[in-house]
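# Inside the fold
Chain residues, written in single-letter form:
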Amino acid sequence: MILILNRTYFTDGTNGKLECEGKFICNTIELPWKNNETQVSCIPEGKYCIRKRYSQKFQWHLEVLEVKNRSLILFHPANNALHELKGCIAPVTKLSGPGLGLMSRKAFTSLKAFIYKALDNNERIELIIQSKFKNYEKNYK
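The following refers to the structure shown. Quick caveat: nothing in here was measured; it's all calculated off a predicted structure. (Residues numbered from 1 in each chain as written. Predicted model: local features only at pLDDT ≥ 70, side-chain atom pairs only at ≥ 80, totals over all residues. Heavy atoms only, no water.)

When you go through the protein residue by residue, the secondary structure sums to two helices and 10 strands. Sequence-ordered secondary structure for the protein, helices as α and strands as β, is β-β-β-β-β-β-α-β-β-β-α-β. Residues counted as buried form 48% of the 141 residues belonging to the protein. Long-range contacts, defined as pairs at least 24 residues apart, comprise 52% of the intrachain contacts of the protein with a sequence gap of at least 6. Positive and negative side-chain charges in the protein, numbering 22 and 13 respectively, have mean positions lying 3 Å apart. (Helix = DSSP H or I, 4+ residues; strand = E, 2+ residues; numbered from the N terminus. Buried < 20%, exposed > 50% of the residue type's maximum accessible area, 1.4 Å probe, protein only. Contact = heavy atoms within 4.5 Å. Lys, Arg positive; Asp, Glu negative; His and termini not counted. Charge placed at Lys NZ, Arg CZ, Asp CG, Glu CD.)

Moving on to the pairing of strand E3 (residues 23-30). As defined by bridge partners, strand E2 (residues 13-20) adjoins E3 across seven bridges and the pair is classed as antiparallel. Residue pairing for E3: Asn15 is matched across the bridge by Ile29. Remark: two residues form the turn of the hairpin made by E2 and E3, two consecutive strands paired antiparallel; Glu21 in that turn has positive phi of roughly 50°. Sheet topology note: the E3/strand E7 (residues 90-92) ladder contains three bridges and is antiparallel. Bridging across to E7, Thr28 finds its partner in Pro91. (Pairing = 2+ DSSP bridges.)

Everything listed here is a matter of coordinates, which is why it stays silent on function.
Printed below as a string of structure tokens:
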């Protein structure tokens, strides 16, 4: 299964649309792009694998693997990227501003069920992160 995350970059956060085979799954929020700096930047565009992961804090969630110079990049609920994320990706039901969204827990529950079903069928999950703007500065306002 291939998931496509199309990003739009802003000074205060990164917004995205997550799709699978052309079908909309959910919106996403992330930190702004700051050269892949740990805990203050979203991760670089590219291709990644996703797996199930468990922690006390987030219970069962999703981990993005093999991110250059980064670790523990997760999909988990959050509605405000600057206050709740440290490089992770948060699914949201609705975008409400740059790096801001609504009803993240609902979007996360749906995304997790969708991906876990594929993983339980031994499917490989790939995430491709991209944007229309290869020069990040072009989209800053």
